Amino acid sequence: MTAEPIRDSAPDRVRTISVRGITARVSVRPGVGRFVNEPPLLLCNGIGVSFEVLQNFVDHLDPHRGVVRFDVPGVGGSALPPAPYPISALALWVTTLMSDLGYRRFDVLGLSWGGGLAQQLAVQSWRRVGRVVLVATGTGALMVPAHPSVLLKMSTPRRHRDPEYAASIAADIYGGTMRTHPEKGSRLLHAATRSGPKRGYYYQLAAMAGWTSLPFLRLLRQPTLVMGGTDDPIIPAVNPRMQARLIPRARLHLYEGGHLDLVTAAETLAPVVEQFLLEPDPDV
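Per an unreviewed UniProt entry, the protein chain goes by the name 3-oxoadipate enol-lactonase 2 and belongs to Nocardioides dokdonensis FR1436.

Encoded structure:
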């Protein structure tokens, strides 16, 4: 039996704003009830897809919780930046975005590529980031890599532009439920999402080139939940185990599933995230 999402949240408001000269498409669901004065949860997405791909996860969070999503520059409805950017510059752009939306403090969740951005935000803007959730993500250039055949498939945005191709490789690169239902991968990437220009995808790849969080993981001060699937071809489970050992205040949650289970099995994993976010911080 699976839990149904509770539906009495404030409506999501989708709009475009200018952040440091770049038009950004954002979705803001304000906190209500007991969350009205609490920091929102900022969601950092995986590579090449717009924020709609996270909708099922958002639908299974506490409906009163404030949630902010955005399209990375050059992806979905956000404008392509004039030049490639390093991940540190993107982190600065995101903190400016949150300031422009009126949020001084926020929690952050990063999925896959977005997990690298979340780690950079946590160390670079540590005064502003409360709690950190890292899902199906690694430490960048210094990590246990995926099989070369998986990395080769990830090196182009073709899966975001060709539904049949996405279905044909979903099992190989995403694992988990995609092994028996590869059509889920195609629907997830194409039903309601927007990919944006190819150059936006390559800018995202370039942002992580040579970057690694490994030297600074021990400096992270926030309570951190590290989540990873035991059948994730992109991020082998040894990586979240390593992150959880190196981050001083981290907790590890491994689940039987693949790279996109945060979304495809949200009824199971969203409550894990909620429980972590609601726990009192013993150091406060």
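**Topic: the overall build of the protein chain**
Helices and strands together make up the secondary structure of the protein chain, namely 11 helices and eight strands. Relative to its length of 284 residues, the protein chain is compact, with a C-alpha radius of gyration of 17 Å against a globular reference of 19 Å. Referenced to the eigenvectors of the C-alpha coordinate spread, the extents of the protein chain come out at roughly 45 × 40 × 40 Å. Counting the 284 residues in the protein chain, one finds 56% classified as buried.

**Here's the deal with unusual backbone geometry**
Not every positive phi belongs to a glycine, and Ser112 is a case in point at roughly 55°. Residue position: Ser112 is located in the loop between β5 (106-111) and α3 (113-124). In this structure, Ala136 takes a positive phi of about 50° despite not being glycine. For Ala136, a relative accessible area of 1% puts it in the buried group.

**Details of the pairing of strand β4 (residues 67-70)**
Here β4 shows two buried faces, one formed by Val67 and Arg69 and the other by Val68 and Phe70. As paired elements, strand β2 (residues 22-29) and β4 share four bridges and run antiparallel to each other. Residue pairing in the sheet places Val28 in a bridge with Val68 of β4. Where strand β3 (residues 41-44) and β4 come together, three bridges link them in parallel fashion. The residue of β4 that forms the bridge with Leu42 is Val68.

**A word on a positive patch on the surface**
Together, Arg104, Arg105, Arg127 and Arg221 make up a positively charged patch on the protein surface. Along the chain, Arg105 falls in the loop between α2 (87-100) and β5.

Rules used in this analysis
- Residues numbered from 1 in each chain as written.
- Predicted model: local features only at pLDDT ≥ 70, side-chain atom pairs only at ≥ 80, totals over all residues.
- Heavy atoms only, no water.
- Helix = DSSP H or I, 4+ residues; strand = E, 2+ residues; numbered from the N terminus.
- Rg over C-alpha atoms; globule rule 2.2 N^0.38 Å.
- Buried < 20%, exposed > 50% of the residue type's maximum accessible area, 1.4 Å probe, protein only.
- Pairing = 2+ DSSP bridges.
- Patch = residues over 30% accessible without salt bridge, like charges linked within 9 Å, V, L, I, M, F, W, Y side chains within 5 Å.
- Areas by Shrake-Rupley, 256 points an atom, 1.4 Å probe, with all protein chains shown as cover.
- Salt bridge = Lys/Arg side-chain N within 4 Å of Asp/Glu carboxyl O.
- Lys, Arg positive; Asp, Glu negative; His and termini not counted.
- Charge placed at Lys NZ, Arg CZ, Asp CG, Glu CD.

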